[in-house]
Amino acid sequence: MPITVNDLSYQYTDAAHSTTALSHVTFTIEEGSFFAIAGHTGSGKTTLVQHLNGLIPCTEGTITVDGHSLADKKERSIARALVGMVFQYPEYQLFAETVFDDIAFGPKNLKLPENDVKERVLKSMELVGLDPEQFREKSPFELSGGEKRRAALAGVLAMQPKYLVLDEPMAGLDPIGRQSILALLERLRSEFGTTIIMISHSMEDIARHATMLLVLDHGQIAYLDRPEIVFEHAEELFRLGLSVPQATYLGMLLKQKGFDVPKSANNAEALARWLKEKIDHA
Amino acid sequence: MVPALIQFDHVTYRYEDSVKKALDDVCLTIADGSFVAVVGHNGSGKSTLAKHINGLLLPESGEVTVNGLSTANEENILPIRQTVGIVFQNPDNQIVTTIIEEDVAFGPENMGVPPQEIRKRVDDALDTVGMRDYAERAVHQLSGGQKQRIAIAGMLALRPNILVMDEATAMLDPRGRSDLIETLKKLHAHGLTVIMVTQYMEEITDCDRVIVMHHGKIAADDQPEAIFSDQDLLKECSLDVPEAVRLAETLRTTGLPISDHALKTEQIAEELCRLL
Ligand SMILES: Nc1ncnc2c1ncn2[C@@H]1O[C@H](COP(=O)(O)OP(=O)(O)OP(=O)(O)O)[C@@H](O)[C@H]1O
Ligand SMILES: Nc1ncnc2c1ncn2[C@@H]1O[C@H](COP(=O)(O)OP(=O)(O)O)[C@@H](O)[C@H]1O
Ligand SMILES: [Mg+2]
Ligand SMILES: [Mg+2]
């Protein structure tokens, strides 16, 4: 069953101002998909995903997770347990004395037997690539940037969420850190069928991994489609403060110079083949 | 010869209780008016290097001088901090007041800039980062990328001679990032020295010079083209290349003669147009 978001709007209000962060947003996240969310700074991405696990209560519109409505008090706790949330810079929220205790915090709150907690923690550490021997007794504050990020992720994975929401999980990581997070997300999808919902500014990562792409613009849906279809609207995406993968961008530049680049040449390999043929025939 | 502005002379640094050297015998000269990028894996020492430039950290051995003033001498710290502005990665640690324009004005006020001049600087800085409309808003009401823009504006309002950006663009959207690079290039053309720590290789293709940090040491110090075509170095230091370089590589593999000077997609397009 999917997550459905129906006519969701949200305003932040205080005494002086009211900001519309989301306005009439409707979409579905299919189970097992890799669902990417992009949009300019302040477009409402974080506000949207914070609704998905009930962190921000729905004031206008409805959300259901596997049929459980977030509006209903009883169903909300079932729904929230299905959705794991990794915040922007999650490492700032590490707090416990050891990496083990930090990751164990959630499962312990579920009142699971001690052995189950331990099993979940070790499994999550293995998943994110933190060797338990080496790391379990370390203080989270002694870890490198990339290791901290993975420890924070492990804490969410230990809750075994069916839907994993990540707010710019690769920001600030080096290439190896980025690749290891992306590989982990793919593994979670294939091994456990976890649905991935990821906010990202990297059009390359989105093109390579996402099955669906939602583009927000000032709190409204600008595009919702498979990434390769959305990227056909390159010029519009630039206007919205975004970009496109460089292969798409190259296609766009060549088109602007008068070449009839076909739609099918929408990735580096396909574009290269088309160019080669064209030059060989010239 | 252009005078040395920043000089690291055999600088070594270890954080308290740590055996590992975060900086290991680093020697470095940065000339006035340069645009230098600093790259390297997480934990390679980039931020530690940055914090030595304005004396936030002091060498365990060796010496750092800015304009000839040593950071080891306490009397030099104030003039050095008036010269060097640093923007860090996490904006939450840098924002000090609740209202945005007050936050941007905070630094200049502390430096005794006259009120009218402050007004102008704050407006200019907010314009530059595209946040003028938010001047009277509360900082806690901002999105991640918006906070990052405010932290950058706060530093621009100080009008430093040297601007150090320590991964300060990590949360910006693509346009925000390219706008900021354009702004830095403009300020650089007017004499600002820029030191840019980043994980985004696209941002540094126009730099004069790229310094690659690796386990506390400088592993390479060269022009961008040289760095991005040195396969052994890229591998050894697990560096990324700009996406355009990867694209050019794919084109070359297919048999298209793209040069390895092409670091940007625009350059690839130009080369292709000559072929087509
Ligand atoms: N706590 C808050 N109070 C008031 N307004 C807020 C609050 N949080 C966000 N906003 C505003 O709501 C809008 C959407 O913010 P949101 O954090 O969802 O953006 P975002 O797309 O995640 O941006 P970014 O890419 O910069 O993280 C912005 O205009 C922002 O200023
Ligand atoms: N406050 C600190 N306390 C102890 N060790 C630190 C601290 N900050 C950084 N380090 C260590 O110093 C080394 C260099 O870190 P840093 O300069 O932050 O690297 P970078 O900015 O390149 O990611 C790393 O081994 C890191 O773990
Ligand atoms: Mg956000
Ligand atoms: Mg750093």
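This one's a predicted model, so the numbers in the text were calculated from it and none came from an experiment.

Asker: Which parts of the structure should I look at to understand helix α4 (residues 114-128) of chain A?
Answerer: For an α-helix, 3.6 residues make a turn, and residues three or four places apart therefore share a direction. Residue and element names in this part refer to chain A. Relative to the 21 Å expected for 15 residues at 1.5 Å per residue, α4 spans 21 Å between its end C-alpha atoms, a close match to the ideal helical length. All buried positions along α4 are accounted for by Val117, Arg120, Val121, Ser124, Met125, Leu127 and Val128. Buried positions in α4, seen along its axis, are confined to an arc of 160° and lie on one side of it. Those residues of α4 that are exposed and angled more than 90 degrees off the buried face are Asn115 and Glu119. Residues of α4 that are buried make contact with α3 (99-109), α5 (132-135), α6 (145-157) and α7 (175-192). Downstream of α4 by one or two residues, Gly129 has phi in the positive range, about 80°.

Asker: For this particular structure, what's the right way to read the domain arrangement of chain B?
Answerer: How big an interface is tends to be reported as the loss of accessible area on association of its parts. Residues and elements named next belong to chain B. Assigned domains of chain B: these are domain 1 (4-241) and domain 2 (242-276). Placing the centre of domain 1 and that of domain 2 at their C-alpha centroids yields a distance of 31 Å. Taken together, the contacts link 11 residues of domain 1 with 8 residues of domain 2. Regarding the contact of domain 1 and domain 2, the summed buried area is about 770 Å², with carbon and sulfur atoms giving 62% of it. Three residues, Thr205, Glu225 and Val241, lead the burial of domain 1 against domain 2; their summed loss comes to 54% of the area buried on that side. Across the domain 1-domain 2 interface, the total number found is 2 salt bridges. Ionic pairing is found between Arg246 and Asp240, a salt bridge with its closest N-O pair at 3.2 Å. Scanning the region where domain 1 abuts domain 2 turns up 4 residue pairs in polar contact (both at pLDDT 80 or more). Among the elements that make up the side of domain 1 that touches domain 2, the one with the highest residue count is helix α7 (residues 224-228) (3 residues). Residues that form the side of domain 1 that touches domain 2 fall into these classes: 4 nonpolar, 2 polar and 5 charged.

Asker: Where do I start with the site of ligand 2 in this structure?
Answerer: Residues and elements named next belong to chain B. Close to ligand 2 lie Tyr15, Lys20, Ala22, His41, Asn42, Gly43, Ser44, Gly45, Lys46, Ser47 and Thr48. Lys20 places a side-chain nitrogen or oxygen 3.1 Å from an oxygen atom of ligand 2. Gly45 is positioned such that a nitrogen or oxygen atom in its backbone is 3.0 Å from an oxygen atom of ligand 2. When ligand 2 sits alone it has 560 Å² of accessible area, and the protein chains cover 65% of it.

Asker: Whenever I open this one, the environment of Thr62(A) confuses me. Can you help?
Answerer: All names here are of chain A. Tracing the backbone through its elements, the reader meets Thr62 in strand β4 (residues 60-65). Assessed through its relative accessible area of 39%, Thr62 is described here as partly exposed. For the pair Thr62 and Tyr223, spaced 161 residues apart in sequence, the C-alpha to C-alpha distance is 20 Å. What Thr62 contacts, discounting residues up to four positions off in sequence, is Thr4, Val5 and Asn6.

Asker: I keep staring at the pairing of strand β8 (residues 195-199) of chain A and nothing clicks. Help me out?
Answerer: Two faces belong to every sheet, and in a regular strand the side chains alternate between them. All names here are of chain A. Counting buried residues along β8, 5 of its 5 residues qualify, which places the element largely inside the surrounding structure. Sheet topology note: the strand β7 (residues 163-167)/β8 ladder contains 5 bridges and is parallel. Paired with Tyr163 across the bridge in β8 is Thr195. With α7 bridging β7 and its parallel neighbour β8, the resulting β-α-β unit is right-handed.

Asker: What is the right way to look at the packing of helix α4 (residues 115-128) of chain B against helix α5 (residues 144-156) of chain B in this model?
Answerer: To characterise two packed helices, one gives the angle between the axes of the helices and the distance between these axes. All names here are of chain B. Remark: α4 packs on α5, axes separated minimally by 9 Å, with the N-to-C direction vectors making an angle of 140°. Judged on the interaxial angle alone, α5 and α4 are oblique. Judged by the sense of rotation from one axis to the other, the crossing of α4 with α5 is right-handed. Every residue of α5 that contacts α4 at Ala125, Leu126 and Thr128 is listed here: Ile150, Ala153 and Leu156. Its residues assigned to classes, the contact of α4 with α5 shows 5 nonpolar, 1 polar and no charged.

Asker: Looking at this structure, how should I read the site of ligand 1?
Answerer: What surrounds ligand 1 is a group of 21 residues, the closest being Lys45(A), Thr46(A), Thr47(A), Ser143(B) and Gly145(B). Near ligand 1, residues from chains A and B are present, making the site a shared one. Contacts to ligand 1 include Gly44(A), whose backbone N or O atom sits 3.0 Å from an oxygen atom. Within the backbone of Gly145(B), a nitrogen or oxygen atom sits 2.7 Å from an oxygen atom of ligand 1. For ligand 1, the protein covers 89% of the area, taking 640 Å² as the surface of the free molecule. At the level of elements, β2 (18-29) and α1 (45-52) of chain A together with α5 of chain B are the ones that each hand at least two residues to the shell around ligand 1. Split by residue class, the shell around ligand 1 holds 3 nonpolar, 16 polar and 2 charged.

Asker: Looking at this structure, how should I read helix α11 (residues 246-256) of chain A?
Answerer: Among the 11 residues that make up α11(A), 9 are buried, leaving the element largely enclosed by the rest of the structure. Tucked into the core, α11(A) has its buried residues touching α8 (203-209), α10 (234-239) and α12 (268-281) of chain A together with α9 (243-253) and α10 (265-275) of chain B. Downstream of α11(A) by one or two residues, Gly258(A) has phi in the positive range, about 100°.

Asker: It is not clear to me how the state of the cysteines should be interpreted in this structure. Could you clarify?
Answerer: A covalent bond between the sulfur atoms of two cysteines is what we call a disulfide. All names here are of chain B. Considering all chains together, one arrives at 0 disulfides over all chains under this definition. A disulfide-free cysteine, Cys207 has its sulfur positioned 17 Å from the sulfur of Cys237, the nearest such atom. With relative accessibility at 6%, the residue Cys207 sits in the buried group.

What counts, and at which threshold
Residues numbered from 1 in each chain as written. Chains lettered and ligands numbered in written order. Predicted model: local features only at pLDDT ≥ 70, side-chain atom pairs only at ≥ 80, totals over all residues. Heavy atoms only, no water. Helix = DSSP H or I, 4+ residues; strand = E, 2+ residues; numbered from the N terminus. Expected span 1.5 Å × (residues − 1). Buried < 20%, exposed > 50% of the residue type's maximum accessible area, 1.4 Å probe, protein only. Arc of directions from axis to C-beta. Contact = heavy atoms within 4.5 Å. Domains from an automatic or database assignment. Buried area = accessible area lost by both parts, 1.4 Å probe. Salt bridge = Lys/Arg side-chain N within 4 Å of Asp/Glu carboxyl O. Polar contact = N/O pair within 3.5 Å; in protein donor to acceptor, adjacent residues only side chain to side chain. Nonpolar A, V, L, I, M, F, W, Y, C, P; charged D, E, K, R; others polar. Near = heavy atom within 4 Å. Areas by Shrake-Rupley, 256 points an atom, 1.4 Å probe, with all protein chains shown as cover. Pairing = 2+ DSSP bridges. Right-handed = clockwise from strand over helix to strand, strands pointing away. Axes fitted to C-alpha atoms, helices over the stretch in contact; angles between N-to-C directions. Parallel < 35°, antiparallel > 145°, perpendicular 65-115°, else oblique. Left-handed = near helix turned anticlockwise from the far one by under 90°. Disulfide = S-S within 2.5 Å.

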